[in-house]
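As a plain string of letters, each chain reads:
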Amino acid sequence: MSTEPTARVSHPRQRLLETAADLFYAEGIQAVGVDRLIATAAVTKATFYRHFRGKDELVLAYLRVRDEEIRARTAQAAAAAKEPRTVVELLVGGLAEEVCGPGFRGCPFINAAAEYPDAEHPVRRLIAEHRAWFRGALADLAAACGHPAPDEAAAALVLLRDGALAGGYLDGGDTVRTHLSATAQALLRLN
């Protein structure tokens, strides 16, 4: 039996996070004010400030949730696959599905970075940490696939992902779906 306390997420805090995720992603972070978040989440101003010192802290929490989701999907793909090549195929397939999904509006991290131009801002530092982790995970996969330059392959895969996310939003998911897997496989020399 564990002696560690179990963290409880309050319902109002969860509603604020879900509301922020929906509104920030659909409309942009700067376009959504605290008063609207409070009204849409059906909480009081005191409740908002009990859970978050301000909007930037809510933005950080929103991005941490997204980061955790991506890390979990990556771990799930790794657990479901027997070989690194299969993990890459699952990740690329998942990305293609996301890009083709309803309401897709690009990468939440790229979108947030565009709204926070100061590279030293906590939001941008969190984005940089996420991207460094993701690049490292891809480098590990590229190395496991036998790529001779896994760091370079990972950097190229991150660029491919960034392009797929932007292209999926701007050009439509079908264009991305058609070329994403073939490009990733060619990059890793998996054909």
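In this text the structure is predicted, and so the values were computed from the model without any measurement.

(A) Structural detail: the overall build of the protein. A count of helical and extended segments in the protein gives nine helices and zero strands. For the protein, the C-alpha atoms occupy an extent of roughly 55 × 50 × 30 Å along the three principal directions. Relative to its 191 residues, the protein shows a buried fraction of 42%. Contacts in the protein between residues far apart in sequence, at least 24 positions, make up 65% of those at least 6 positions apart. Counting only carbon and sulfur atoms, one obtains 55% of the accessible surface of the protein, whose full area is about 10800 Å². The average position of the 22 basic charges and that of the 24 acidic charges among the side chains of the protein differ by 4 Å.

(B) Geometry of the packing of aromatic side chains. Applying the stated criterion across every chain yields a total of four aromatic pairs. Seen in terms of ring centroids, F24 and Y62 are 5.5 Å apart; in terms of plane orientation they differ by 75°. Their pairing is edge-to-face. Linking F24 in helix α1 (residues 11-27) with Y62 in helix α4 (residues 55-80), this pair joins segments that are 38 residues apart in sequence. Overall, Y62 belongs to the buried group, its relative accessible area being 3%. Judged by centre distance (5.9 Å) and plane angle (45°), the rings of W133 and F134 are tilted.

(C) Geometry of the nonpolar core. Counting residues in each nonpolar core, the largest one holds 57 residues, and the members touching the most others are F24, L58, L63, V123 and L180. Listing elements by their share of this core, those giving two or more residues are α1, α2 (34-41), α4, α5 (84-99), α6 (108-115), α7 (122-144), α8 (150-171) and α9 (173-187). If we skip the residues at most four places from it in the chain, V123 touches V59, L60, L63, A112 and Y116.

(D) Structural view of α6. Among the residues of α6, those classed as buried are P108, F109, A112 and A113. Mapping the buried residues of α6 onto a view down its axis gives an arc of 135°, with all of them on the same face. Residues of α6 that are buried in the fold lie against α1, α4 and α7.

(E) Spotlight on the packing of α6 against α7. It is the contact of α6 with α7, at a shortest axis distance of 10 Å, that shows an interaxial angle of 150°. Judged by the angle between their axes, α6 and α7 are roughly antiparallel. As α6 runs across α7, the sense of the crossing is left-handed. Touching F109, A112 and A113 of α6 are V123, R124, L126, I127 and H130, all from α7. Its residues placed into classes, the contact of α6 with α7 shows six nonpolar, one polar and one charged.

(F) Spatial organisation of the side chain of R161. If you trace the backbone, R161 turns up in helix α8. A residue is classified by how much of its surface remains accessible, and R161, at 13% relative accessible area, is buried. In contact with R161, other than residues within four places in its own chain, are I70, L95, C107, R131 and F134.

Cut-off values and rules
- Residues numbered from 1 in each chain as written.
- Predicted model: local features only at pLDDT ≥ 70, side-chain atom pairs only at ≥ 80, totals over all residues.
- Heavy atoms only, no water.
- Helix = DSSP H or I, 4+ residues; strand = E, 2+ residues; numbered from the N terminus.
- Buried < 20%, exposed > 50% of the residue type's maximum accessible area, 1.4 Å probe, protein only.
- Contact = heavy atoms within 4.5 Å.
- Areas by Shrake-Rupley, 256 points an atom, 1.4 Å probe, with all protein chains shown as cover.
- Lys, Arg positive; Asp, Glu negative; His and termini not counted.
- Charge placed at Lys NZ, Arg CZ, Asp CG, Glu CD.
- Phe/Tyr/Trp six-rings, centres within 6.5 Å; stacked < 30°, edge-to-face > 60°.
- Core = buried A, V, L, I, M, F, W, Y, C linked by side-chain atoms within 4.5 Å.
- Arc of directions from axis to C-beta.
- Axes fitted to C-alpha atoms, helices over the stretch in contact; angles between N-to-C directions.
- Parallel < 35°, antiparallel > 145°, perpendicular 65-115°, else oblique.
- Left-handed = near helix turned anticlockwise from the far one by under 90°.
- Nonpolar A, V, L, I, M, F, W, Y, C, P; charged D, E, K, R; others polar.

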